[in-house]
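Chain and residue survey
Residues per chain are reported as follows:
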Amino acid sequence: MRQQQDIRLCVIDDIKSVVDMISRKPPWAEYGIEVTGTALDGEEGLRLIRETQPDIVLTDIRMPRMDGLEMTKAILEFAPACKIIILSAYSEFSYAQQAIRLGAMDFVKKPFSLDEIVSVVLKAQQLCLQERQELAKIQIMEEKIKESLPILRQEYLTFLMQHQTTEHSARSRWEYLGIPLAQQDFIVFIAEIDHFAEKYQHQPVQEIELIRFSLQNILEETVSTWTNGIIFREATNRYVCIINGTDPEWAGQITEACCAHVSRYSRCTISIGLGLCVSTIQELADSYGQALSALAYHFYTEGNAVYSYANIVNKPRTMNHYSAAAEQDFLFALRSGNLEKSRAVLQNIFDALLELEPLPEPQYVENIGYELAFRICRVMLEQFPYEKVQLLEQQVNRLRSRLHPTLQEIRALLNALCAEGCRWVEEERSRESTRIIHEAKAYILGNLHTSLSLEQVARQINLSQGYFSNLFKKVMGVSFQHFVMTEKMEKAKVMLIEGLQVQEIATELGYEHRRYFSEIFKKYTNQTPSEFKISYLGKT
């Protein structure tokens, strides 16, 4: 049986009998193959190939005037899709390998049988036909792209998503543009391609366009099995769909099917935000805004899910910001280089947020993540130069520059910052002078209930007062007295928040007189203990 369009073959060999045998004996026409010419040397063969544009070239590796290697290279420069098959003797096997590296499709060792020749040519024919089919599919898809929804229709629908309009104007434009939906009872959903920028930023424009077009086809076909709908692109990675309907549960089933089909029939996944039902064309912007708010909740996952505005509207929101004690635990663990502890506190902070019902607005949790990230940087600045800490800040800013980072990405950033910071702390501690001062620091933190004089601590670590004082300031960046006062006052803040009385706190921190403690506290915080407690807790 002949193919609808024959594959063209050229045969080139410096032995005429070989050329005649290959070109005439096999029933090429029955295979859908047309022999468009033969040649007895490389130069003549190259001219023939330029003239006849064959799909397959069968050529000897050794020929006068231009060998098969040189000819292979020349052919593939102007006809890269051409399938070149090399004929070579066993002794010329290395040349055949070179030809394959240059781009030849296959080789046949001499002596060969006609069956071998036919087999390898048919293999090349199949590749050619497959490539033609793929090219045909691409051409069909490109034509469909050009014939997609009229630009005016898309522009008008985009306008309706953003702006209110009058009923008369909406109905007349709707009818004029032939929008294939009833003019009442609408539900809007927004579908966004997950991780679009990271996956496709280096892809050719044509490849991206084909991906986007195929996804739109999947969405359109899925929706069409349920109801009438109209889908249009709103942005590079986003589609808007308008359907007629009043049942949120039914709309949820449609959007779940859209997610499942995109995941099954493409290399992508999508996240969908689903708005509420609205009655009129003028209210489409309301449903669109609700869908957009719901879509923001894909922050909590890696995508491939539906988020309905019905699940987040009119539900009480409890903002359970992490406590000062949790933050102090986190920062203390970080300062001490305790990676396991710092990550555990981070885990507890985010677990508490994720237990809220409904989930907090994504922007709120995102802000907490960045706040913690910059606190990590500030803690590192206590012990390391800015030039070093700047590397951590750059990691934070890179993620902040992203359009829609996910919760997983923010948590991964925080864990990475903790790991890097704790590694620095551990490296610093390995130095002898740092080790000594950390020993002194640990002693101080364990004895905040005493007066903690410079003499007392220096004696504890077997150093003179003068040397210890200088070494402490060099390593910690602050004087011994300032550090002790800071740690006592920070502990005093926590104790005040926990409800202890001022006299109890003064005694616990080694101050004989409550009044003296209060003076020190006010000098440190610009507030009396009572004022601080009121400003923090809102009560005495």
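Every chain is numbered independently, its residues counted from 1 as its sequence is written. In keeping with the model being predicted, local features are shown solely for residues with a pLDDT of at least 70 and side-chain atom pairs are shown and tallied solely at 80 or more, while totals for entire chains, interfaces and linings include all residues. The basis for every side-chain value is the complete set of non-hydrogen atoms in the structure, without hydrogens or water.

1. So, the overall build of the protein
- Strands here are runs of E lasting at least two residues and helices are runs of H or I lasting at least four, both read from the DSSP assignment and numbered beginning at the N terminus. Counting its regular elements, the protein contains 23 helices and ten strands.
- Relative to the globule expectation of 24 Å for 540 residues, the C-alpha radius of gyration of the protein, 37 Å, shows a markedly less compact shape.
- Its C-alpha atoms put the protein at 115 × 75 × 30 Å along the principal axes.
- Note on definitions: a residue-residue contact is assigned when non-hydrogen atoms from the two residues lie within 4.5 Å. Expressed as a percentage of contacts within the protein between residues at least 6 apart in sequence, the contacts between residues at least 24 apart total 68%.
- Charge convention: Lys and Arg are scored as positive, Asp and Glu as negative, and His as well as the terminal groups of each chain are ignored. Where a charge lies is defined by one atom per residue type: Lys uses NZ, Arg uses CZ, Asp uses CG and Glu uses CD. Side chains of the protein give 57 positive and 70 negative charges; the mean places of these two sets differ by 6 Å. Our radius of gyration is a C-alpha quantity, and the globule rule it is checked against amounts to 2.2 Å times the number of residues to the power 0.38.

2. As for the nonpolar core
- By convention a nonpolar core is built from buried Ala, Val, Leu, Ile, Met, Phe, Trp, Tyr and Cys residues, the set being connected through side-chain atoms within 4.5 Å. Remark: exposure states derive from per-residue accessible area (1.4 Å probe, protein chains only) relative to the maximum for the residue type, with buried under 20%, exposed over 50%, and partly exposed in between. Core analysis: the biggest nonpolar cluster contains 42 residues, and Phe 330, Phe 350, Val 365, Leu 372, Met 380 and Leu 414 have the highest contact counts within it.
- Sorting elements by how many residues they give to this core places helix 14 (residues 362-381) first, with ten residues.
- Setting aside residues up to four positions removed in sequence, Val 365 forms contacts with Phe 299, Tyr 300, Phe 350, Leu 353, Pro 360 and Leu 407.
- Within the second largest apolar cluster, 31 residues are counted, among which are Tyr 443, Leu 452, Val 502 and Ala 506.

3. A look at the pairing of strand 1 (residues 7-12)
- Across the six residues that make up strand 1, a large majority, five, are buried.
- Strands were regarded as paired on the criterion that DSSP finds at least two bridges between them. Note: strand 1 against strand 2 (residues 33-39), six bridges, orientation parallel. Opposite Ile 12, over in strand 2, you have Ala 39 as the bridge partner.
- With helix 1 (residues 16-24) bridging strand 1 and its parallel neighbour strand 2, the resulting β-α-β unit is right-handed.
- Of the strand pairs in this sheet, strand 1 and strand 3 (residues 56-60) are connected by four bridges, and their pairing is parallel. Here the term right-handed applies to a crossover when the path leading from its first strand over the helix to its second strand runs clockwise, the strands being oriented away from the viewer.

4. Let's talk about the environment of Phe 472
- Structurally, Phe 472 is set in helix 19 (residues 465-476).
- On a C-alpha basis, the gap between Phe 472 and Ile 436 in space is 9.0 Å, while along the polypeptide they are 36 residues apart.
- Beyond its immediate chain neighbours, meaning those up to four positions away, Phe 472 contacts Ile 437, Ile 444, Gly 477, Val 478, Ser 479, Phe 480 and Phe 483.

5. Observations concerning helix 15 (residues 386-400)
- Here a helix's expected span is defined as the number of its residues, less one, multiplied by 1.5 Å. Over its 15 residues, helix 15 extends 20 Å from the first C-alpha to the last, a length consistent with the 21 Å expected when each residue adds 1.5 Å.
- Turning to helix 15, its buried residues number three or more, namely Val 389, Leu 392, Glu 393, Val 396 and Leu 399.

6. Here we look at the sheet that holds strand 8 (residues 238-244)
- With mixed pairing, the five strands of this open sheet are ordered in space as 7-8-6-9-10. Each edge of the open sheet is held by one strand with a lone partner, namely strand 7 (229-235) and strand 10 (306-308). In this sheet, neighbouring strand axes are inclined to one another by 25° on average, regardless of whether the strands run parallel or antiparallel.
- The pairing of strand 9 (residues 270-280) with strand 10 spans three bridges and is classified as parallel. Opposite Ile 272, over in strand 10, you have Val 306 as the bridge partner.
- Across the face of the sheet, helix 6 (residues 151-162) comes into contact with strand 6 (184-193), strand 7 and strand 8 while running at roughly 80° to strand 7.
- Relative to strand 7, helix 9 (residues 205-224) is tilted by about 155°, and along the sheet it contacts strand 6, strand 7, strand 8 and strand 9. Inter-axis angles, ranging from 0 to 180 degrees, are taken between N-to-C directions of lines fitted to C-alpha atoms, where helices are fitted over the stretch in contact.

7. What to know about the pairing of strand 6
- For strand 6, the tally of buried residues reaches eight of ten residues, placing the bulk of the element in the interior.
- Here strand 6 runs beside strand 9; their pairing, made up of eight bridges, is antiparallel. For Ile 187, the partnering residue across the bridge sits in strand 9 and is Cys 277.

8. A word on the state of the cysteines
- Cysteine sulfur pairs qualify as disulfides if the two atoms are within 2.5 Å. The final tally for this structure, using the stated rule, is zero disulfides.
- The thiol sulfur of Cys 82 is not disulfide-bonded, and the nearest other cysteine sulfur, from Cys 128, lies at 7.6 Å.
- The thiol of Cys 258 is unpaired, and the distance to the nearest cysteine sulfur, on Cys 241, comes to 6.7 Å.
- Among the residues examined, Cys 258 registers a relative accessible area of 0% and is labelled buried.

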